[in-house]
Amino acid sequence: QVQLVESGGGLVQPGGSLRLSCAASGIIFSFYVMAWYRQAPGNQRELVARITSGGSTNYAGSVKGRFTISRDNAKNTVYLQMNSLKPEDTAVYYCNADPGSLWGQGTQVTVSS
């Protein structure tokens with residue numbers, strides 16, 4: 001079966017760090033553009049970061065310089081390293097794989113003192 005499973009979310013204080021992981025199965029991972037999206041209550045889902053099959057990356061302006069997306073094709077896993085977290089980063093973070101618009105179930109990130 002095709003599956004994306006996020007992990008690594010949790011509660012952190014402002015200024016703290018988290019690393020999210022998304023493990024993929026049922027796809028030829030190296031063919032896919034992988035991305036992280038997030039959605040806070042009442043807000044639109046927004047693209048946070050993406051990484052192409054060739055390793056090129058893009059980031060939302062709000063996270064640039066603080067977040068890093070990476071992938072390990074041998075492990076079929078994409079990561080999002082989040083540093084200097086702010087309360088406004090609080091959201092459910094979703095993993096996405098394209099082609100096919102495949103989605104994980106999401107992992108909650110809460111940044112609060």
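Residues numbered from 1 in each chain as written. Predicted model: local features only at pLDDT ≥ 70, side-chain atom pairs only at ≥ 80, totals over all residues. Heavy atoms only, no water.

Q: I'd like a rundown of the overall build of the protein chain, residues and numbers included.
A: If you tally the helices and strands in the protein chain, you get 0 helices and 11 strands. If you list the helices and strands of the protein chain from N to C, you get β-β-β-β-β-β-β-β-β-β-β. The C-alpha atoms of the protein chain give 13 Å as radius of gyration, which agrees with the globular expectation for 113 residues (13 Å, within 12%). Reported as C-alpha extents along the three principal axes, the dimensions of the protein chain are approximately 40 × 25 × 25 Å. Here the protein chain, with 113 residues, has 38% of them falling under the buried criterion. Expressed as a percentage of contacts within the protein chain between residues at least 6 apart in sequence, the contacts between residues at least 24 apart total 53%. Surface accessibility of the protein chain: about 5,900 Å² in total, with carbon and sulfur atoms responsible for 45%. Each charge sign in the protein chain was given a centre, from 9 positive and 6 negative side chains, and these centres are 4 Å apart. (Helix = DSSP H or I, 4+ residues; strand = E, 2+ residues; numbered from the N terminus. Rg over C-alpha atoms; globule rule 2.2 N^0.38 Å. Buried < 20%, exposed > 50% of the residue type's maximum accessible area, 1.4 Å probe, protein only. Contact = heavy atoms within 4.5 Å. Areas by Shrake-Rupley, 256 points an atom, 1.4 Å probe, with all protein chains shown as cover. Lys, Arg positive; Asp, Glu negative; His and termini not counted. Charge placed at Lys NZ, Arg CZ, Asp CG, Glu CD.)

Q: Tell me about the nonpolar core, and please be specific about residues and values.
A: Within the largest apolar cluster, 30 residues are counted, with the highest numbers of intra-cluster contacts made by M34, W36, V78, L80, M82 and Y93. Where this core is concerned, the elements lending two or more residues are β3 (18–25), β4 (33–39), β5 (46–51), β7 (67–72), β8 (77–82), β9 (91–98) and β11 (107–111). Ignoring sequence-local partners within four residues, the contact set of M34 consists of L4, C22, F29, A49, R50, I51, I69, R71, V78, C95, N96 and A97. (Core = buried A, V, L, I, M, F, W, Y, C linked by side-chain atoms within 4.5 Å.)

Q: Summarise the packing of aromatic side chains; cite the residues concerned and give the values.
A: In the structure shown here, the tally under the stated rule is 2 aromatic pairs. Their ring planes at 85° and their centres at 6.5 Å tell us that Y94 and W103 sit as a pair that is edge-to-face. Here the aromatic residues Y37, Y94 and W103 are joined through ring pairs into a cluster of three or more. Here the guanidinium or amino end of R45 rests over the ring plane of Y37, the centre of that ring lying 5.2 Å away. (Phe/Tyr/Trp six-rings, centres within 6.5 Å; stacked < 30°, edge-to-face > 60°. Lys NZ or Arg CZ within 6 Å of the ring centre and 35° of its normal.)

Q: So what's going on with the state of the cysteines? Which residues, and what values?
A: A complete count under the given rule lists 1 disulfide for this structure. A disulfide bridge connects C22 with C95, and the sulfur atoms are separated by 2.1 Å. One quick way to see it: the torsion about the S-S bond of C22 and C95 is about -80°, and its sign makes the bridge left-handed. Of this pair, C22 sits in strand β3 while C95 sits in strand β9, placing them 73 residues apart in sequence. Judged by its relative accessible area of 0%, C22 is buried. (Disulfide = S-S within 2.5 Å.)

Q: Give me the lowdown on the sheet that holds β7, citing residues and values where you can.
A: The sheet built from 4 strands is open, its strands ordered β1-β3-β8-β7 with antiparallel pairing. Both edges of this open sheet fall to β1 (3–7) and β7, since each of them pairs with a single strand only. Direction aside, the axes of adjacent strands within the sheet are offset by 15° on average. In the sheet, β1 pairs with β3 via 5 bridges, with the strands oriented antiparallel. The residue of β3 that forms the bridge with V5 is A23. (Pairing = 2+ DSSP bridges. Axes fitted to C-alpha atoms, helices over the stretch in contact; angles between N-to-C directions.)

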